[in-house]
Number of protein chains: 2
Amino acid sequence: MRKHTLPADIERTSMRIIAQEMHDRGIAVPQEHQAVVRRVIHTTADFEYAETLRFTPNAVMRGMQALRNGVGIVTDTNMTRAGVSKLALQRFGGEVHCFMAEPAIAELAKREGTTRAVASMTYAAQQYPDAVFAVGNAPTALIRLSELIRDGLRPSLVVAVPVGFVNVVESKEELFSACETYDVPAIAAMGRKGGSTIAAAVCNALLYSAADMLDPSARGWQG
Amino acid sequence: MRKHTLPADIERTSMRIIAQEMHDRGIAVPQEHQAVVRRVIHTTADFEYAETLRFTPNAVMRGMQALRNGVGIVTDTNMTRAGVSKLALQRFGGEVHCFMAEPAIAELAKREGTTRAVASMTYAAQQYPDAVFAVGNAPTALIRLSELIRDGLRPSLVVAVPVGFVNVVESKEELFSACETYDVPAIAAMGRKGGSTIAAAVCNALLYSAADMLDPSARGWQG
């Protein structure tokens, strides 16, 4: 069998290539956003995200602080739940939750004549009102979160990155506007693009950066 | 709460928009490949995949037939495992496996001085030599599969769609070449782009198409 380069070395080299290509393409991103932008590009090989990722003021810092305080993450897919680094999250005492596949959510959705994504956000907002909400799939989940925020919900951060062709663009605009109005931190990928891996990448960028601040030698090469 | 359009209606509309935009952009895809190409675009909102997806002859038909015969799927990430439609797979008696997080794989990788991705492919090739191998993350997994194929492994299909900046482009070229030489069906996303959601999307397109052939009324609107 051929010898293989270690994943950590590959990631370090990848991040250098991404930083260099962003520079070569004339893409300028504020220092505060770089870890998130680079990790999303690392996950997609798509530099368009450098243009479409949008942040409310101090969203990165506030999201990192919340995660460091042990706040949990609520996702709208089991793919994103699988993709969030459990090792990094556990370090701060947090957990990651997805209620989409639970029978109680299917029942709630049926009773209220809505989608499971909507029902799972309603339920999560009751159980974990200060969580980081990471939505990579369902625009209806974002619409519901917008309603809940207008009604008083104050999550630690909303990661708003669904992908798709129907209601997706509008749902991100609506969510971002609600977050701006009510001073809720938000990180959104505007436009059609996004997805479960992007939602996980944003969460992991924040988790790794938060870990760096505690122990710069561990992952100091990151973003 | 606002009323929301049902996910199945949104998916139907999305697939119509994708087909229309492919037409408008002058993208022509062989009929045999359309379900896979459309589902990958549905998952990414990225029409570049229409240009980068490459298929060995009859890869779609042979992959569908294998899945319909109850062959399982081996993935290189738990995200892809989470994303494959268990409902569709179970209909044919198949299962989806990911060995990346198993302690025995970490030990094997350490003993052989290699990555967990490589060790998990070696192990899976022994346990499920005729599986569909869906690789959305690790180029080293593809390199190992190429070696195994040259040594006699004959999987039902390789879905070769890792994403990244180091060794990724080359690993897909090498895998595709090995598959062509030894008549192993392959579906690859050439270039840098790919990922766990794309690996799951290709598998799901095959599973849904296979189900359509049994029961066209159930999901007959699919790509």
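Here, the structure is the one placed above.
What counts and what doesn't
- Residues numbered from 1 in each chain as written.
- Chains lettered and ligands numbered in written order.
- Predicted model: local features only at pLDDT ≥ 70, side-chain atom pairs only at ≥ 80, totals over all residues.
- Heavy atoms only, no water.
- Least-squares fit on C-alpha atoms with pLDDT ≥ 70 in both.
- Contact = heavy atoms within 4.5 Å.
- Buried area = accessible area lost by both parts, 1.4 Å probe.
- Salt bridge = Lys/Arg side-chain N within 4 Å of Asp/Glu carboxyl O.
- Helix = DSSP H or I, 4+ residues; strand = E, 2+ residues; numbered from the N terminus.
- Buried < 20%, exposed > 50% of the residue type's maximum accessible area, 1.4 Å probe, protein only.
- Pairing = 2+ DSSP bridges.
- Axes fitted to C-alpha atoms, helices over the stretch in contact; angles between N-to-C directions.
- Arc of directions from axis to C-beta.
- Parallel < 35°, antiparallel > 145°, perpendicular 65-115°, else oblique.
- Left-handed = near helix turned anticlockwise from the far one by under 90°.
- Nonpolar A, V, L, I, M, F, W, Y, C, P; charged D, E, K, R; others polar.

J.: What's the story with the relation of the copies chain A and chain B in this structure? I'm lost.
T.: For the pair of chain copies, the relating transformation is a rotation about an axis with a translation along it. Structural alignment of chain A on chain B gives an RMSD of 0.0 Å, achieved by rotating through 180° and translating 0.0 Å along the axis. Classification of the inter-copy transformation places it as that of a two-fold axis. Relative to the rotation axis, the C-alpha of Met79 of chain A is the closest in chain A, positioned 2.4 Å from it. Mapped onto chain B, 100% of the interface residues of chain A again fall at the interface, so both copies present the same surface.

J.: How should I be thinking about the interface of chain A and chain B in this particular structure?
T.: Accessible area lost upon the coming together of the parts is a frequently used measure of interface size. With 45 residues of chain A at the contact, the number on the chain B side is 45 residues. Taken together, the two surfaces of chain A and chain B that pack against each other cover about 3,600 Å², and 65% of this comes from carbon and sulfur. Linking chain A to chain B there are four salt bridges. Listing elements by their share of the side of chain A that touches chain B, those giving two or more residues are α1 (7–24), α2 (34–44), α5 (78–83), α8 (116–127), α9 (139–150) and α11 (196–214) of chain A. It is α1 of chain A that contributes the most residues to the side of chain A that touches chain B, seven residues altogether.

J.: Hey, could you run me through the pattern of salt bridges in this one?
T.: Any two side chains of opposite charge can pair, given that their charged atoms come close. Counted according to the given criterion, the structure contains 18 salt bridges over all chains. One salt bridge connects Arg62 of chain A with Asp183 of chain A, and the closest N-O pair in it is separated by 3.0 Å. Of the two residues, Arg62 of chain A is situated in helix α4 (residues 59–68) and Asp183 of chain A in the loop between α10 (168–181) and β6 (186–189); the sequence distance between them amounts to 121 residues. Accessibility expressed as a relative area gives 30% for Arg62 of chain A, which makes it partly exposed. Asp46 of chain B serves as the salt-bridge partner of Lys193 of chain B, at 2.6 Å between the closest nitrogen and oxygen. Here Asp46 of chain B lies in the loop between α2 (34–44) and α3 (49–52) and Lys193 of chain B lies in the loop between β6 (186–189) and α11 (196–214), a separation of 147 residues in the sequence. Relative accessible area serves as the criterion here: at 11%, Lys193 of chain B is assigned to the buried category. On the accessibility criterion, Asp46 of chain B (7% relative accessible area) is buried. What emerges from the salt-bridge pattern is a single network uniting Asp46, Glu48 and Lys193 of chain A together with Asp46, Glu48 and Lys193 of chain B.

J.: Help me understand the sheet that holds strand β2 (residues 73–75) of chain B in this model?
T.: In a beta sheet, neighbouring strands pair by backbone hydrogen bonds and run either parallel or antiparallel. All names here are of chain B. The strand order across the open sheet formed by six strands is β1-β6-β5-β4-β2-β3, and the pairing between neighbours is mixed. At either margin of the open sheet sits one strand with a lone partner, and together these are β1 (53–55) and β3 (96–98). Between one strand and the next, the sheet's axes are offset by a mean angle of 15°, whatever the strand orientation. Across three bridges, the pairing between strand β5 (residues 157–160) and β6 is parallel. Bridge pairing in β6 links Ala160 to Ala188. Sheet contacts for helix α8 (residues 116–127): β2 and β4 (132–135); angle to β4, the most-contacted strand, approximately 165°.

J.: Looking at this structure, I do not really get helix α7 (residues 103–112) of chain A. What am I missing?
T.: An α-helical turn contains 3.6 residues, so any two residues separated by three or four positions project in the same direction. Residue and element names in this part refer to chain A. All buried positions along α7 are accounted for by Ile105, Leu108 and Ala109. Summarising the axial view, the buried residues of α7 lie within an arc of 100°, below the 170-degree limit, and thus occupy one face. Seen from the buried face of α7, the exposed residues on the opposite side, beyond 90 degrees, are Pro103, Glu107, Lys110 and Arg111. Buried residues along α7 sit against α8. Two residues or fewer past α7, Gly113 is found with a positive phi of approximately 60°.

J.: What is the right way to look at the packing of α9 of chain A against α10 of chain A in this model?
T.: The angle between the axes and the distance between the axes are what describe a pair of packed helices. All names here are of chain A. Running from N to C, α9 and α10 cross one another at 20°; their axes reach a closest spacing of 9 Å. With respect to each other, α9 and α10 are oriented roughly parallel. Taken as a pair, α9 and α10 cross one another with a handedness that is left-handed. Facing Pro139, Leu142, Ile143, Leu145, Ser146, Ile149 and Arg150 of α9, the residues of α10 in contact are Val168, Ser171, Lys172, Glu174, Leu175, Ser177, Ala178 and Cys179. Taken together, the residues of the contact of α9 with α10 break down into nine nonpolar, three polar and three charged.

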